[in-house]
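Spelled out from the first residue to the last, the chains are:
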Amino acid sequence: MAKEETPRFDILSHSDSGLSFVREKRGGVMRALTESELADFNDPPPCPQCAEQFGCEHVNCAGEPAIPDTEIESAVPHEWVALARGQGLSRQDLERLGSLELREGAYHAPAGSDMRTLELVCLLNEE
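The following refers to the structure shown.

Cut-off values and rules
Residues numbered from 1 in each chain as written. Predicted model: local features only at pLDDT ≥ 70, side-chain atom pairs only at ≥ 80, totals over all residues. Heavy atoms only, no water. Helix = DSSP H or I, 4+ residues; strand = E, 2+ residues; numbered from the N terminus. Buried < 20%, exposed > 50% of the residue type's maximum accessible area, 1.4 Å probe, protein only. Contact = heavy atoms within 4.5 Å. Salt bridge = Lys/Arg side-chain N within 4 Å of Asp/Glu carboxyl O. Core = buried A, V, L, I, M, F, W, Y, C linked by side-chain atoms within 4.5 Å. Polar contact = N/O pair within 3.5 Å; in protein donor to acceptor, adjacent residues only side chain to side chain. Pairing = 2+ DSSP bridges.

This next bit is on the overall build of the protein. Helices and strands together make up the secondary structure of the protein, namely five helices and six strands. Going from the N terminus to the C terminus, the protein shows its helices and strands as β-β-β-β-α-α-α-α-β-β-α. In terms of overall dimensions, the protein has a C-alpha envelope of 55 × 35 × 25 Å along the principal axes. Scored against the burial criterion, the 127 residues of the protein give a buried share of 27%. For the protein, long-range pairs separated by at least 24 residues make up 22% of all intrachain contacts whose partners lie at least 6 apart in sequence.

See below:
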């Protein structure tokens, strides 16, 4: 069986129980990791414009490109323009915003929403 590669580990094998046996590239320490533990090491790629890895003015925390300032007026509904200018919105964020409910003066996300939707709820409710 050929070895698989990740940025941090050489994956030596996978078991039927869901464990991955890995060797760290630096130091050579061998250990067993579950799939979720292994996924914790999959950091997002850096922004191609500024090299920030966890959200910047070009890419949100979900890894989606922000709508450029020159397109905000035409692409973003009027009610969200201030949010787009202040926080940056992606085209996928516009879909997320459409799923939110406004109840008793506060925004609420539907059950099972992704992390970015929950972040948008927090941003809107802080305003």
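That covers the picture; the talk isn't over yet.
What follows deals with the pattern of salt bridges. Opposite charge on two side chains permits them to pair, given that their charged atoms come into close proximity. The tally for this structure, following the rule as stated, stands at nine salt bridges. Glu24 is the salt-bridge partner of Arg31, the closest N and O atoms lying 2.5 Å from each other. Residue class for Arg31 comes out partly exposed when judged on its relative accessible area of 31%. Taking relative accessible area as the criterion, Glu24 reaches 15% and is therefore assigned buried. In this structure, Glu64 and Arg96 form a salt bridge, with 2.7 Å as the shortest nitrogen-oxygen distance.

Looking now at the nonpolar core. The biggest cluster of nonpolar side chains holds 14 residues, and the ones touching the most others in it are Val76, Trp80, Leu83, Leu89 and Leu97. For this core, the element with the most residues is helix H5 (residues 115-126), which contributes four residues. Other than its neighbours up to four places away in sequence, Leu89 contacts Pro65, Ala66, Ile67, Val76, Trp80, Leu83, Ala84, Leu94, Leu97, Arg116 and Leu120. In this structure, Ile11, Val22, Leu33 and Leu38 belong to the second largest nonpolar core, which totals five residues.

Tracing the sequence through the fold places Arg26 in the loop between strand S3 (19-24) and strand S4 (30-34). Note on Arg26: relative accessible area 76%, which makes it exposed.

Turning our eyes to something else, we now look at the side chain of Arg96. Inspection of the secondary structure puts Arg96 in helix H4 (residues 91-98). At 3.1 Å, the side chain of Arg96 and the side chain of Asp114 are in polar contact. Residues in contact with Arg96, not counting those within four places in the same chain, are Ala62, Glu64, Ser90, Asp114, Arg116, Thr117 and Leu120.

What follows covers the pairing of strand S2 (residues 9-14). Direction of pairing for S2 relative to S3: antiparallel, over a ladder of five bridges. Residue pairing across strands places Asp10 opposite Arg23, the latter belonging to S3. Connecting S2 to the next strand, S3, in antiparallel fashion are four residues, including Gly18 with a positive phi near 100°.

Another aspect to go through is the pairing of S3. Of the two faces of S3, only one is covered, namely that formed by Ser20, Val22 and Glu24; the face formed by Leu19, Phe21 and Arg23 stays uncovered. Pairing of S3 with S4 involves five bridges; the strand directions are antiparallel. Its bridge partner being in S4, Ser20 is matched across the sheet by Leu33. Between S3 and S4, which pair antiparallel in sequence order, lie five residues; one of them, Gly27, sits at a positive phi of approximately 95°.

With that settled, consider unusual backbone geometry. One non-glycine residue, Ala51, adopts positive backbone phi at about 75°. Locating Ala51 in the fold gives a position in the loop between helix H1 (35-39) and helix H2 (69-75). The class of Ala51 is exposed, set by a relative accessible area of 54%.

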